[in-house]
Protein chains: 2
Amino acid sequence: MHTHSVIRFIGILVFFLGLSMAFPFIVSWAFGEHDALPLLYSMIIVMALGVFLYVIARNQEVKVLGHRDGVAIVTFGWIAAGFAGAVPYILSGAIPDLTDAYFESLSGFTTTGASILENIEGLPRGILMWRSITQWFGGMGIIVLSIAILPFLGVGGMQLYKAEVPSPVVDKLKPRISDTAKTLWKVYILITALEILLLFLGGMPLFEAVSHAFCTMPTGGFSPKNASIAHYNSSYFDGILIAFMIIAGINFSLHYKLLRGDLAIFGKDPECRVYLTVVFLFILLLTFNLHGTVYASLAKAFRYAAFQVSSIITTTGFATADFDQWPALSKKILVLCMFLGAMAGSTGGGIKIVRIILLAKHAYQEIFRIIHPHAITTVKLGGKGVPQEVLSSIWGFFILYLAIFVTSAIIMASLGLDMVSSFASVAACIFNVGPGLGMVGPTKNYLLIPSLGKWILIFCMLVGRLEIYTVVALLIPEYWRK
Amino acid sequence: MHTHSVIRFIGILVFFLGLSMAFPFIVSWAFGEHDALPLLYSMIIVMALGVFLYVIARNQEVKVLGHRDGVAIVTFGWIAAGFAGAVPYILSGAIPDLTDAYFESLSGFTTTGASILENIEGLPRGILMWRSITQWFGGMGIIVLSIAILPFLGVGGMQLYKAEVPSPVVDKLKPRISDTAKTLWKVYILITALEILLLFLGGMPLFEAVSHAFCTMPTGGFSPKNASIAHYNSSYFDGILIAFMIIAGINFSLHYKLLRGDLAIFGKDPECRVYLTVVFLFILLLTFNLHGTVYASLAKAFRYAAFQVSSIITTTGFATADFDQWPALSKKILVLCMFLGAMAGSTGGGIKIVRIILLAKHAYQEIFRIIHPHAITTVKLGGKGVPQEVLSSIWGFFILYLAIFVTSAIIMASLGLDMVSSFASVAACIFNVGPGLGMVGPTKNYLLIPSLGKWILIFCMLVGRLEIYTVVALLIPEYWRK
C-alpha cells in the first residue's frame, strides 16, 4: 500500500468537507441561528486537519495506485468523512456524545438515514442543513464508487460495468474517476435542482425543499421534520417524492444516456425493466393488503403503499406511515425490499437488482443441469454472456453480506434487543435504509440502542455502503502482507 | 422419462410400506388397543394399491434409468409414501381430516417432526408406533438418497461424495443403490438398537424406548409424549438423547468407517471437525446466555442448552424446554442452527455444514482476489481441490433454498400469521426441524395453521428434505419436454 498517497488523498477530502461547511454556516448566519459560530469553528478545525494530513504525506509522489490503495482510499475516506462530519454536531452541542455524533454523521455519508435524534425540529437550521449535505455528498461518493471505482477493483460483480467507462486501465484509477464523476455529477445536480424546484412550487418552504431534495437523490432519507414526509400530509409532495425516489434508484449512467437523447433506455436495460416491474408489483401487492385492513379507501392504500415501497426498495427511508403497525405481509414485503435494493450504479443500498437477476439465472441454469447433465450453458444478461468470474464475485458478495448480517443480528440480540428489533436494526443499517421495525421503527430512532450496538451498526452501514469487499478486504491478514 | 419404470418402482415402495404396517398392527393387537382393525384394513388397502401400480406398469422392462427418472422416482416416491402413511391416521379416526393426516404423514417420512396433534397421549399405541415408523423409514430413505442417489444426479454439490461409492456409473443407479443401502442400513439399525437398549436400561418403558429411538436416528423428533422428552425430566435420558442426536447428525459413511476400525475418522474428516466444533461452541454460548437468565444453576443451563442445540442443529426437534421463552440471543442461535443443519450424508436437514464450509471458503477466496486480482486460486476441502461445477451447484442450491424460503414465508404472512410465526413455521418445515417459534413453538403444534398454509408447509418439508433440486426440477417446463 502507498500509505502516503492514501493519507494525502484523505487530507484533500477532509479539507474540502471542511470548506463545504461554509454553506450551512451561511444558512445559519442568514437565519440568525445560534449555531453559526460553532459551524465556523468546525470549518476551520476540519480544514486545518485536512491540510495537516496533506502536509505530513506530501513527499513521495506516486502516479500509479494499485488495488490495495483503492480499497484503502475508499474505506478510510468514508471513515474520515464520518469524523469530519461529526465535528459540527459536537461543537454546536446538537449531539454532544461522540458515539451518537459519529453515528449520525456516518449515517449521513453512507446515505443510510438512521438517526439518533429525538427532536429534529429543535435543532438550528445550520446543523439541519449540514445533516442533509452529508447525505448529498455521500450520494456523490457512491456514484463515483459504483460506476468508476468498483468495476476496476472487481468488487461484487461490478466488473460488469467496466464497459460503461471507455478503455479500462485497471491500475490507473485517477483519470477515469474524474471524467466519469464530472459527467454523472452534472446529472445528479440537475435532478436535485429539478426536485427542489418542484417541491418549492408545491408550497414547501425553500429550506425544507432543499433539505429534502438533498436527501432524496442520495436515497438518504434524513428530514428536517420529526414526522418525516408525513408532516405535510400532501399527496402532491408524496407524488413528487415517490417519483424522485424511484429515479434515484436507477443507474445514473442510464439517466445520462436518457439526457443524451436515448429515450427508450429504461425499457432497453434488462436490470431497469426488472427494477420497475418489481416496484410496480410490490406496490400493487401492498395496496391490496392495506386496502380494508389499514386504509378504507383504495386511493389512500395505493398512495401509502407506493410511498413506502419506493422509499424502502430504494433504501431512502422517508416515511409517510408507521409501517411497523401494518399487517405482517406488508412488513415482510418491505423487509424483502430492504434486501433487494434498487439498481447497481444508483445511490441505493441493498444487494441490488442486477445481482438478484444473475443469482436467479444461475440457479435456473443449475436446475437445467440436473435435467441435462452434459449440456454446456452460460448465464446471459441482455443477450450477452456473463463471465464466470463475475458470477463468482457476486456469490462471494452475497455470502459475505449474509454472514455479516447474521453475525451482527446475533450480537445485537446479545446486547438485549428483541428478535424483531435486532434483526431489523441490522437490516436497516447494512442495507442503508434507515428506519426499521420494532424499537427502530419509522416513528422511533436509534438513541436507545446501547453504545456497543451503535458501533456494530456503524460498521454495518459502512460495510453495506462500500459493497462489503472494500471493507472486509482490510480485515484479512493477507491485505497487510508485503 | 420412463413413466412405466417410475410407476412400477412406486408400486413396490407402496406395497412394502403397506406390508410394514404389520408391525404397528402387532403392537396394537398385543396392547389390546382399538386401532388393530383399522391398521389391518390400512395394510390391505395400501398393499393392494402397491400391487395395482406395479401391475399397470409391468410392461416395458427398462434397464437403464436416466437422470429424469431418478428425479421422478425420488420426488413421487416421497409424495406417494405420504399418502400411504396417511391411510392409518384416517381409517383409525386418529386424524380424520385429509390435509392434517397428510401433513402428519409427510412430516414423518421427511423426518421433519412437525405435528398437528393436540393430545398425542390420547392416541392408541398402534398409531403412535406407525407415526414413529414413518420417521424411521424416512431416515433410511434419506441415507440412500444422500449417499447413493444425489451424488449421481449431481444435486447441490453432492457430486463431492461420488468417490465414497466405488466406480461411479452415472446412468446405472440400481446396483450401486442396493449395495450402499444395505451397508449403511446395517449401521443405522445397529445404532437404533443400541439406543433402544440404553433407554430401556435407564428405565424407559420398551414401547417408548423404541418410539424415541425410531425418531432419533432419522433426526425426526416425533414423541409419544405430549411434553416430548421434557416428560421424563431425567438427565440420564437427556444425556443419551443428546449423544444419539449428535451421532445421527454425522455422515453415516463415517460411522461405517468407524465400525470398520478407523477410530480417528471423526477427527480426520474436515466437515465432521467443523460440525462438532460448532455444536460445542453453540452449547457454550447458550449455556452462558441461559445461566442466570433462565436457569440459576450452571449445570442445568448446560443440560438444557446442550439438548436444544443438539436437537435443533441436527433438525431432530425433540424438546426438553420451551425455548420460545428464552432470551433473543439463544433463540437466534437456534434459528441459525436450523439453517446450518448437520453433516451431509446424515439424516439431518438444513443447508448442511459442508456447504457452509465451501461457501465460506469461496467467499474468502473472492476477498483474496480483490487484493491479488491476477492470482489463480482454488477452493480446497481436506487438501483436495473442489471442482467449480460442485461450487456452482451449491450456489444454485443455496439461492433456491433462500428463494423458496422467502416466498413461502411471505405467503404464510399473507394467510394472517405474524412476523415470527410465518418465518419460523417455514424454517421449521423447510429445514425439517419440526418445532419453531411463536404459534408453532415447542409447546404448540401446527393444527391452527390454515389449510392452504399446511399445504405450503408440506411443500416446504418435501423440497427441503429432497435437497431442493429434486423437486424444483419437476416444476420447470424443460423437465417435461421430450
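Residues numbered from 1 in each chain as written. Chains lettered and ligands numbered in written order. Predicted model: local features only at pLDDT ≥ 70, side-chain atom pairs only at ≥ 80, totals over all residues. Heavy atoms only, no water.

## Here's the deal with the overall build of chain A
Heads up, the rule is: For helices the rule is a DSSP run of H or I covering at least 4 residues; for strands it is a run of E covering at least 2, with both sets numbered from the N terminus onward. Radius of gyration means the value over C-alpha atoms here, while the globule rule gives 2.2 Å times the residue count to the 0.38 power. With a 1.4 Å probe rolled over the protein chains alone, any residue whose accessible area is under 20% of its type maximum counts as buried; one over 50% counts as exposed, and the rest are partly exposed. To measure how exposed things are, a 1.4 Å probe is used in the Shrake-Rupley method; for residues, cover is taken only from the protein chains shown. In this tally, Asp and Glu contribute negative charge and Lys and Arg positive charge; neither His nor the terminal groups of the chain are included. Where a charge sits is defined by one atom per residue type, namely NZ (Lys), CZ (Arg), CG (Asp) or CD (Glu).
Looking only at helices and strands, one finds 20 helices and two strands in chain A. In terms of C-alpha radius of gyration, chain A reaches 22 Å, essentially the compact-globule figure of 23 Å for 482 residues. Seen through its C-alpha atoms, chain A measures out along the principal axes to roughly 70 × 65 × 55 Å. Taking all 482 residues of chain A together, the buried fraction comes to 63%. Carbon together with sulfur atoms contributes 69% to the accessible area of chain A, which is approximately 17600 Å² in total. Computed over 32 positive and 25 negative side-chain charges, the inter-centroid distance for chain A is 8 Å.

## A few points about the domain arrangement of chain A
Residues and elements named next belong to chain A. What counts is decided by this rule: Domain start and stop positions are those given by an automatic or database domain assignment. Take the accessible area each of two parts loses on contact, using a 1.4 Å probe, and add the two losses: that sum is the buried area. Salt bridge, as applied in this entry: a Lys or Arg side-chain nitrogen positioned within 4 Å of an Asp or Glu carboxyl oxygen. Nitrogen and oxygen atoms within 3.5 Å of one another constitute a polar contact, given that in protein one can donate a hydrogen and the other can accept it, and given that sequence-neighbouring residues count only through two side-chain atoms.
According to the domain assignment, chain A contains domain 1 (3–174) and domain 2 (388–480). Using C-alpha coordinates to define each centre, domain 1 is positioned 20 Å away from domain 2. In total, domain 1 and domain 2 occlude about 2800 Å² of area from one another, counting both sides; carbon and sulfur atoms represent 71% of this. Contact with domain 2 buries area across many residues of domain 1, yet T99, F103 and T112 alone supply 19% of it, more than any other trio. Where domain 1 packs against domain 2, one counts one salt bridge. Here D100 ties to K454 by a salt bridge, and the two come within 2.7 Å at their closest N and O atoms. Viewed at the interface, domain 2 and domain 1 are joined by 10 residue pairs in polar contact (both at pLDDT 80 or more).

## Observations regarding a nonpolar patch on the surface
Residue and element names in this part refer to chain A. Put simply, the rule reads: Each patch groups residues whose relative accessible area exceeds 30% and which form no salt bridge, using 9 Å between like charges and 5 Å between nonpolar side chains of Val, Leu, Ile, Met, Phe, Trp and Tyr.
A surface patch of nonpolar side chains, about 630 Å² in accessible area, is lined by L37, Y41, I45, F83, I90, L91 and L98. Contributions of two or more residues to the nonpolar patch are made by α3 (36–56) and α4 (67–91). Mapped onto the fold, L98 is located in helix α5 (residues 98–109).

## Some words on the relation of the copies chain B and chain A
Formally: Least-squares superposition aligns the copies on the C-alpha atoms of those residues with pLDDT at or above 70 in both. In what follows, a contact means two residues having at least one pair of non-hydrogen atoms within 4.5 Å.
For these two chains of identical sequence, chain B goes onto chain A by a turn of 180 degrees and a shift of 0.0 Å along the axis, with RMSD 0.0 Å. Taken together, the rotation angle and the small translation identify this as a two-fold axis. When C-alpha distances to the rotation axis are compared across chain B, the minimum falls at W395 of chain B, with a value of 3.5 Å. Most of the interface of chain B is mirrored in chain A: 100% of its interface residues are interface residues there too.

## Quick notes on the interface of chain B and chain A
Counting residues at the interface gives 53 residues for chain B and 53 residues for chain A. The junction of chain B with chain A conceals about 4500 Å² of combined surface from both sides, 79% of it contributed by carbon and sulfur atoms. When the buried area of chain B at its contact with chain A is split by residue, K332, I370 and M419 of chain B rank highest and sum to 17% of it. Taken together, the links from chain B to chain A amount to zero salt bridges. Between chain B and chain A we count 10 residue pairs in polar contact (both at pLDDT 80 or more) in total. Contributions of two or more residues to the side of chain B that touches chain A are made by α4 (67–91), α14 (328–340), α15 (353–371), α16 (388–414), α17 (419–430), α19 (469–472) and α20 (477–480) of chain B.

## Topic: the environment of A114 of chain B
Residue and element names in this part refer to chain B. Position of A114 relative to the elements: it lies in the loop between α5 (98–109) and α6 (125–153). With a relative accessible area of 0%, A114 lands in the buried category. Between the C-alpha atoms of A114 and L447, which are 333 residues apart in sequence, the distance is 10.0 Å. When residues no more than four places from it in sequence are discounted, the contact partners of A114 are F103, E104, S107, F222, C429, G434, Y446 and M461.

## Examining the packing of α15 of chain B against α16 of chain B
Residue and element names in this part refer to chain B. Using the following cut-off: Angles here are taken between N-to-C directions and fall from 0 to 180 degrees, while the axes themselves are lines fitted to C-alpha atoms, restricted in helices to the stretch in contact. Working definition: roughly parallel below 35 degrees, roughly antiparallel above 145 degrees, roughly perpendicular at 65 to 115 degrees, and oblique for all remaining angles. Gly is put with the polar residues, along with every residue not named as nonpolar or charged; the nonpolar set is Ala, Val, Leu, Ile, Met, Phe, Trp, Tyr, Cys and Pro, and the charged set is Asp, Glu, Lys and Arg.
Between α15 and α16, the shortest axis-to-axis distance is 10 Å and the interhelical angle comes to 110 degrees. Taken together, the axes of α15 and α16 lie roughly perpendicular to each other. From α15, R355, L358, L359 and H362 reach across to α16, where they touch L391, I394, W395, F397 and F398. Looking at the contact of α15 with α16 residue by residue, the class counts come to seven nonpolar, one polar and one charged.

## Looking at the packing of helix α12 (residues 270–290) of chain B against helix α13 (residues 298–313) of chain B
Helices that pack against each other are described as a pair by the angle of their axes relative to one another and the distance between those axes. Residue and element names in this part refer to chain B. This is how it is decided: The sense of a crossing depends on the near helix, which, turned anticlockwise from the far helix by less than a right angle, makes the crossing left-handed and, turned clockwise, makes it right-handed.
The N-to-C vectors of α12 and α13 enclose an angle of 135 degrees; their axes lie 8 Å apart at closest approach. Taken together, the axes of α12 and α13 are oblique relative to one another. At the point where α12 passes α13, the crossing takes the right-handed sense. Contacts between α12 and α13 involve V278, V279, F282, I283, L286, T287 and L290 from the former and L298, A301, F302, A305, A306, V309, S310 and I313 from the latter. Grouping the amino acids of the contact of α12 with α13 by side-chain chemistry returns 13 nonpolar, two polar and no charged.

## Overview of the pattern of salt bridges
Using the criterion set out here, one finds 22 salt bridges over all chains in the structure. K225 of chain A is the partner of E208 of chain A in a salt bridge, and the nearest nitrogen-oxygen pair spans 3.3 Å. Note that E208 of chain A is positioned in helix α8 (residues 206–216) and K225 of chain A in the loop between α8 and α9 (235–248), a separation of 17 residues in sequence. Of the two residues, E208 of chain A and K225 of chain A, both sit in the buried class. The shortest N-O distance in the salt bridge between D324 of chain B and K331 of chain B comes to 3.8 Å. Judged by its relative accessible area of 14%, D324 of chain B is buried. Taking the relative accessible area as the measure of exposure, K331 of chain B reaches 13% and is therefore buried. Through salt bridges that share partners, K352, R355 and E467 of chain A make up one connected network.

## Digging into the side chain of S346 of chain A
Within the secondary structure, S346 of chain A is located in the loop between α14 (328–340) and α15 (353–371). A distance of 2.7 Å separates a polar side-chain atom of S346 of chain A from the backbone oxygen of M343 of chain A.

## Describing the environment of W185 of chain B
Residues and elements named next belong to chain B. Structurally, the position occupied by W185 is in helix α7 (residues 173–201). Residue W185 is classed as partly exposed on the basis of its relative accessible area, which comes to 30%. Each C-alpha atom, one on W185 and one on L358, is 28 Å from the other, the two residues being 173 residues apart in sequence. Excluding residues that lie within four positions of it along the chain, W185 makes contacts with M140 and V144.

## Looking at helix α2 (residues 22–31) of chain B
Residues spaced three or four apart along an α-helix point in a common direction, a consequence of the helix completing one turn every 3.6 residues. Residues and elements named next belong to chain B. Worth spelling out the cut-off: Directions are taken from the helix axis to each C-beta atom, and the arc is the one they span.
Those residues of α2 lying buried are P24, V27 and S28. Down the axis of α2, the buried side of the element spans an arc of 95 degrees, and every buried residue falls inside it. What points out from α2, more than 90 degrees from its buried face, is the exposed set W29 and A30. At the exit of α2 stands G32, carrying a positive phi of roughly 65 degrees.

## Focus: the packing of aromatic side chains
All names here are of chain A. Our working definition: Ring pairs shown here join Phe, Tyr and Trp side chains whose ring centres sit within 6.5 Å, with only the six-membered ring taken for Trp; geometry is labelled stacked below 30 degrees between planes, edge-to-face above 60, and tilted in between. Sitting over a ring, as applied to charges here, requires NZ of Lys or CZ of Arg to be within 6 Å of the ring centre and within 35 degrees of the ring normal.
The full count for this structure, using the stated rule, is 48 aromatic pairs over all chains. Each ring, one from F15 and one from F16, has its centre 5.4 Å from the other, and the planes form 85 degrees; the classification is edge-to-face. Owing to a relative accessible area of 24%, F15 belongs among the partly exposed residues under this scheme. One residue, R355, lies across the ring of F397, its end atom 3.7 Å from the ring centre.

## Points about the confidence of the model for chain A
Residues and elements named next belong to chain A. To keep things clear, this is the line we draw: The predictor rates its confidence in each residue with pLDDT, a number between 0 and 100.
Model confidence for chain A is summarised by a mean pLDDT of 92, while 96% of its residues fall at 70 or above. Scored below 50 in pLDDT, residues 165–174 makes 18 contacts in the model with residues more than four places away or belonging to other chains. Reported for the predicted complex are a pTM of 0.92 and an ipTM of 0.90.

## Side note on the state of the cysteines
What counts, and what does not: By convention in this document, the label disulfide applies to cysteine sulfur atom pairs within 2.5 Å.
Under the criterion given, the structure shown has zero disulfides over all chains. The cysteine C429 of chain B is free of any disulfide, with C460 of chain B supplying the nearest cysteine sulfur at 6.7 Å.

## Side note on unusual backbone geometry
Residues and elements named next belong to chain B. Of note in the backbone geometry, S228 takes a positive phi value of approximately 55 degrees without being a glycine. Along the polypeptide, S228 turns up in the loop between α8 (206–216) and α9 (235–248). Taking the relative accessible area as the measure of exposure, S228 reaches 11% and is therefore buried. Positive phi is not limited to glycine here, since N233 has a value of about 45 degrees. Relative to the helices and strands, N233 is located in the loop between α8 and α9.

## Regarding helix α17 (residues 419–430) of chain A
Which entries qualify depends on this criterion: Expected helix span is taken as 1.5 Å per residue step, with the number of steps being one fewer than the number of residues.
Taking 1.5 Å of rise per residue, the 12 residues of α17 of chain A would be expected to cover 16 Å, and the 17 Å separating its terminal C-alpha atoms lies within 8% of that figure. By the criterion of burial, α17 of chain A is predominantly enclosed, with 10 of the 12 residues buried. Close packing links the buried residues of α17 of chain A with α14, α16 (388–414) and α18 (451–465) of chain A together with α14 of chain B. Two or three places before V420 of chain A, at the start of α17 of chain A, stands the capping residue D418 of chain A, its side-chain oxygen 3.1 Å from that residue's backbone nitrogen. Among the residues trailing α17 of chain A, N432 of chain A stands out with phi positive, at a value near 55 degrees.

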